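Each chain, written out:
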Amino acid sequence: GDIMKLLVVNSKIYAGGTATLFRSADNGISWTSSMPQFSYAWSIASSGSNIYCGVWSGGIGTTAGVYKSTNDGLNFSIVGLNNKNISDIAADNQRILACAFVESGLYLSTDQGSSWNNIKGSLSYGAYYVGMTAGKIYAGSQGLHMTTNNGVNWTPVFMTDNLGSLSVSESVILVGTYSNGVYRSTNYGQTWTKTINTTKRVNSIDQVGQYVFAGVDTGYFVSSDGGLNFVDKYQGLGLSSISSTIIYNNYVYAANSNYFAQPVSVWKRPLSEVIGLT
């Protein structure tokens, strides 16, 4: 199955996708899973010591919804939104945000997943990507909207194109589009600057400190200055469609989905090479 999301929590690497959620405690040499096979674990997030996994469609013998681990990823159990297909999940220290694209719902939990409120409100379309920063919530698919009052009101902040990816950090918001490249905002979406010009769909954007990684259909761009400038670093990745990137122990880990029938893998390369080569 495709690998859709990578995450590092407590020195463990997690890889979620259409097969299940995998966990590695040895830098990616070996992988195990505590989730049922064919759990479509498309999204992962952490809040404190808890790990949350959003499951889409459930697969064989698995219920769709939000799953939670309180023991370092050794076991997961469903905590809410049963039978809702979770396309993306985000978390901070107090809140968990999950979007159910098929059911056109956007859900917020402030008690570690025990209860959920639908905050979609006046948002007129189903959200596929979500993010949070500075008391603001962002939801995107047909453009990007923002709320500052937990969904009572929504404001459009980016309507240039449909979104293929979204990354929200404390100070920088990046959107990847279907056919208009990557845009960057440093004022919570009030104004935008185009930083990658491509007609390919941007499948992933990941911010790790000052580094930004953008995966497009048969392309991979890296920035060392917070997404202002990008360099094409698609060396040795074949026809892979990069779906997620992390940095761990001075290595870059990149996962791919099966866009051009390439073998699905997690790749790694020293960070010094990725940022040091032109």
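Please read all numbers here as calculations on a predicted model, not as lab measurements.

Parameters and conventions
Residues numbered from 1 in each chain as written. Predicted model: local features only at pLDDT ≥ 70, side-chain atom pairs only at ≥ 80, totals over all residues. Heavy atoms only, no water. Helix = DSSP H or I, 4+ residues; strand = E, 2+ residues; numbered from the N terminus. Buried < 20%, exposed > 50% of the residue type's maximum accessible area, 1.4 Å probe, protein only. Polar contact = N/O pair within 3.5 Å; in protein donor to acceptor, adjacent residues only side chain to side chain. Contact = heavy atoms within 4.5 Å. Pairing = 2+ DSSP bridges. Axes fitted to C-alpha atoms, helices over the stretch in contact; angles between N-to-C directions. Phe/Tyr/Trp six-rings, centres within 6.5 Å; stacked < 30°, edge-to-face > 60°. Salt bridge = Lys/Arg side-chain N within 4 Å of Asp/Glu carboxyl O.

A. Quick look at the side chain of D206. Among the structural elements, D206 can be located in strand β20 (residues 202-208). Of the residues examined, D206 reaches a relative accessible area of 8% and is grouped as buried. Of the polar contacts made by the side chain of D206, one reaches the backbone nitrogen of T245; its length is 2.9 Å. Discounting residues that sit within four places of it in the chain, D206 has contacts with K5, S167, Y211, V212, F213, S244 and T245.

B. Spotlight on the environment of S169. With respect to the helices, strands and loops of the structure, S169 is situated in the loop between β16 (163-168) and β17 (173-177). Considered as a pair, S169 and G209 are 40 residues apart in the sequence and their alpha carbons are 9.2 Å apart. Not counting chain neighbours up to four residues away, the residues in contact with S169 comprise T133 and Q207.

C. Looking closely at the sheet that holds strand β25 (residues 251-257). Read across the sheet, 3 strands follow the order β24-β25-β26 without closing on themselves; strand pairing throughout is antiparallel. In this open sheet, the two edge strands, each paired with only one partner strand, are β24 (241-248) and β26 (266-270). Neighbour-to-neighbour, the strand axes of this sheet turn through a mean angle of 25°, independent of strand direction.

D. Representation of the sheet that holds strand β15 (residues 155-158) in the model. Spatial strand order, β12-β13-β14-β15: 4 strands in an open sheet with antiparallel pairing. Looking along the sheet, the strands with just one partner apiece sit at the ends: β12 (129-133) and β15. The sheet shows a mean angle of 30° between the axes of neighbouring strands, taken without regard to direction. Relative to strand β14 (residues 143-147), strand β13 (residues 136-141) is paired through 5 bridges, and the arrangement is antiparallel. Each residue of the ladder has a partner; that of I137, found in β14, is T147.

E. View of the side chain of K120. Looking at the element boundaries, K120 is found in the loop between β11 (117-118) and β12. If we ignore the near neighbours within four places in the chain, the residues touching K120 are S104, G105, L106, Y125, G126, G151 and W154.

F. Structural context of the packing of aromatic side chains. Applying the stated criterion to the full structure yields 7 aromatic pairs. Summarising the aromatic geometry, the rings of W42 and W56 are spaced 4.9 Å apart at their centres and angled 15° between planes, so their arrangement reads as stacked. Remark: W56 occurs in strand β5 (residues 50-56) and W42 occurs in strand β4 (residues 40-47); sequence separation between them is 14 residues. A ring pair is formed by F213 and Y220, whose centres lie 6.2 Å apart and whose planes are at 15°; its orientation type is stacked. With relative accessibility at 0%, the residue F213 sits in the buried group.

G. Representation of the pattern of salt bridges in the model. The full count for this structure, using the stated rule, is 5 salt bridges. With a closest N to O distance of 3.6 Å, K5 and D206 form a salt bridge. Linking K5 in strand β1 (residues 3-9) with D206 in strand β20, this pair joins segments that are 201 residues apart in sequence. When the shortest N-O distance is used, the salt bridge between R95 and D92 registers 2.9 Å.

H. Representation of unusual backbone geometry. Phi is positive for L81, close to 55°, though the residue is something other than glycine. Mapping L81 onto the fold places it in the loop between β7 (77-80) and β8 (86-91). For N83, which is not glycine, the phi dihedral falls at a positive 65°. Structurally, N83 is set in the loop between β7 and β8.

Everything listed here is a matter of coordinates, which is why it stays silent on function.
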